[in-house]
Amino acid sequence: MKSSMLSGKTALVTGSTSGIGLGIARSLAGQGANIVFNGFGDARQIETLYTDIGREFAVQTAYHNADMSKPAEIAAMMQFADEKFGGVDVLVNNAGIQHVANIEDFPVEKWDAILAINLTSAFHTTRLALPGMKQKNWGRIVNLASVHGLVGSAQKSAYVAAKHGLVGFTKVTALETAHTGITCNAICPGWVLTPLVQQQVDDRAARDGLSNDAAKKALLAEKQPSGEFVTPEELGALAVFFCSPAGDQVRGVAWNMDGGWTAQ
Ligand code: NAD
């Protein structure tokens, strides 16, 4: 759907070459926002992706390959957005990785990487975006947390710690901007069928000798009462709502979209 609600504004979505970030970037482009893409992948495929979305929605798009575990690269990306578009109006902190293991077996470097990418990167992008947003007295910060920002699951210590941290960081950002036109909120999805989750489906299929379909059903049945995956498009629509005038006083929420996972 095309609209002009965000025309003239620029959204930077971290980790937007795949999955949820890509879905949210598309939804914001559909509202007329220029988009700065970020994330890993094949350089030519990424170029096609951002060129096609720019053309489809008649917006300007650009890409920066910052590694979100590296503060200097994050700073370079924010400067790139400033130079290219005059700053970031909508910041979506979405880049994330997962690793599944018991605490005593959890690789130390995986712990550090998950905390850096899923949590600390949001501190860096936010601290660098806020001065420009304050000057314009308008901004939207949307942090992709997870149901794991609200409840725990075994074998996901680093992820659950990072996502609970991100929900806490969201609340503090919302409080520090409460009497400005800047809002900050978190989205807490349940299972969404992206490469990050397909990996867990594949592991389960291999472990339990299941087909891909049966492994998906088993994964959903364990946690998500709807038995349905959440989609990147649904999450994009929620991000668009946060960016709308109706979202002006939605501040510091951790909004679950989880097929009933956390209602249990
Ligand atoms: P995904 O693997 O499809 O996409 C992750 C994106 O992050 C990719 O673009 C990837 O290139 C990028 N990325 C990874 N490491 C990076 C780094 N060091 N620097 C820059 N970019 C990097 O995953 P997804 O499922 O779309 O997840 C997106 C976000 O949503 C994550 O924060 C994830 O924790 C969260 N989330 C996902 C689910 C789910 O079920 N898929 C549920 C809840 C929350």
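Here is what the cut-offs are and how they apply
Residues numbered from 1 in each chain as written. Predicted model: local features only at pLDDT ≥ 70, side-chain atom pairs only at ≥ 80, totals over all residues. Heavy atoms only, no water. Helix = DSSP H or I, 4+ residues; strand = E, 2+ residues; numbered from the N terminus. Buried < 20%, exposed > 50% of the residue type's maximum accessible area, 1.4 Å probe, protein only. Contact = heavy atoms within 4.5 Å. Areas by Shrake-Rupley, 256 points an atom, 1.4 Å probe, with all protein chains shown as cover. Lys, Arg positive; Asp, Glu negative; His and termini not counted. Charge placed at Lys NZ, Arg CZ, Asp CG, Glu CD. Pairing = 2+ DSSP bridges. Right-handed = clockwise from strand over helix to strand, strands pointing away. Near = heavy atom within 4 Å. Polar contact = N/O pair within 3.5 Å; in protein donor to acceptor, adjacent residues only side chain to side chain. Nonpolar A, V, L, I, M, F, W, Y, C, P; charged D, E, K, R; others polar. Domains from an automatic or database assignment. Buried area = accessible area lost by both parts, 1.4 Å probe. Salt bridge = Lys/Arg side-chain N within 4 Å of Asp/Glu carboxyl O. Core = buried A, V, L, I, M, F, W, Y, C linked by side-chain atoms within 4.5 Å. Axes fitted to C-alpha atoms, helices over the stretch in contact; angles between N-to-C directions. Parallel < 35°, antiparallel > 145°, perpendicular 65-115°, else oblique. Left-handed = near helix turned anticlockwise from the far one by under 90°.

(A) Representation of the overall build of the chain within the structure. Counting secondary structure elements, the chain contains eight helices and seven strands. For the chain, the residues scored as buried account for 52% of the 264 residues in total. Sequence-distant contacts in the chain: of pairs separated by 6 or more residues, those separated by 24 or more amount to 72%. Put simply, the chain shows about 11,800 Å² of open surface, and 54% of that area lies on carbon and sulfur atoms. Averaging the locations of the 21 positively and 24 negatively charged side chains of the chain gives two centres separated by 5 Å.

(B) Highlighting the pairing of strand 5 (residues 139-144). The element strand 5 is extensively covered by neighbouring structure, given that six of its six residues are classed as buried. Across four bridges, the pairing between strand 4 (residues 90-93) and strand 5 is parallel. Note that in strand 5 the partner of Val-90 across the bridge is Arg-140. The handedness of the strand 4 to strand 5 crossover, carried by helix 4 (residues 108-136), is right-handed. Examined bridge by bridge, strand 5 and strand 6 (residues 182-189) share six bridges and lie parallel to one another. Its bridge partner being in strand 6, Ile-141 is matched across the sheet by Cys-184. For the segment spanning strand 5, helix 5 (residues 157-176) and strand 6, crossover handedness is right-handed.

(C) Quick look at the site of the ligand. Around the ligand, a shell composed of 30 residues is seen, among which Ser-18, Asn-94, Tyr-159, Val-192 and Thr-194 lie nearest. In this structure, an oxygen atom belonging to the ligand sits 3.3 Å away from a main-chain N or O atom of Gly-15. One nitrogen or oxygen atom from the side chain of Asp-67 is found 2.9 Å from a nitrogen atom belonging to the ligand. Elements represented by at least two residues in the shell around the ligand include exactly helix 1 (19-29), helix 5 and helix 6 (195-208). Of the residues belonging to the shell around the ligand, the class tally is 16 nonpolar, twelve polar and two charged.

(D) Layout of the domain arrangement of the chain. Each assigned domain of the chain is listed here: domain 1 (10-190 + 231-257) and domain 2 (193-229). On the domain 2 side, the residues contacting the twelve residues of domain 1 number seven residues. Buried surface at the junction of domain 1 and domain 2, both sides included, amounts to about 590 Å², of which 56% is carbon and sulfur. If you sort the residues of domain 1 by the area they bury against domain 2, Gln-98, Ser-153 and Gly-190 come out on top, with a joint share of 35%. The tally of links from domain 1 across to domain 2 stands at zero salt bridges. Applying the counting criterion to the domain 1 and domain 2 interface returns two residue pairs in polar contact (both at pLDDT 80 or more). Looking at the side of domain 1 that touches domain 2 residue by residue, the class counts come to three nonpolar, eight polar and one charged.

(E) Highlighting the nonpolar core. Counting residues in hydrophobic clusters, the biggest one holds 30 residues, and the most contacted among them are Leu-28, Ile-35, Val-92 and Ile-187. Among the secondary structure elements, those contributing two or more residues to this core are strand 1 (10-13), helix 1, strand 2 (34-38), helix 2 (43-57), strand 4, strand 5 and helix 8 (232-243). Residues contacting Leu-28, with those up to four places away along its chain left out, are Leu-6, Ala-11, Val-13, Ala-33, Ile-35, Val-90, Val-92, Val-240 and Cys-243. Counting residues in each nonpolar core, the second largest holds 21 residues, with Ala-66, Ala-129, Ile-141 and Ala-174 among its members.

(F) Main features of the pairing of strand 3 (residues 61-64). In this sheet, strand 3 lies alongside strand 2 in parallel orientation, the contact comprising four bridges. Within the sheet, the bridge partner assigned to Phe-37 lies in strand 3 and is Tyr-63. Following the chain from strand 2 across helix 2 to the adjacent parallel strand 3, one finds a crossover that is right-handed.

(G) Region of the structure containing the packing of helix 4 against helix 5. Close contact between helix 4 and helix 5 brings their axes to 8 Å; oriented N to C, the two are set at 10 degrees. Judged on the interaxial angle alone, helix 5 and helix 4 are roughly parallel. Pair helix 4 / helix 5 crosses with right-handed handedness. For the pair helix 4 and helix 5, the contacting residues are Trp-111, Ile-114, Leu-115, Asn-118, Leu-119, Ala-122, Phe-123 and Thr-126 in the first and Ser-157, Ala-158, Tyr-159, Ala-161, Ala-162, Lys-163, Gly-165, Leu-166, Phe-169 and Thr-173 in the second. Tallied by class, residues from the contact of helix 4 with helix 5 come to twelve nonpolar, five polar and one charged.

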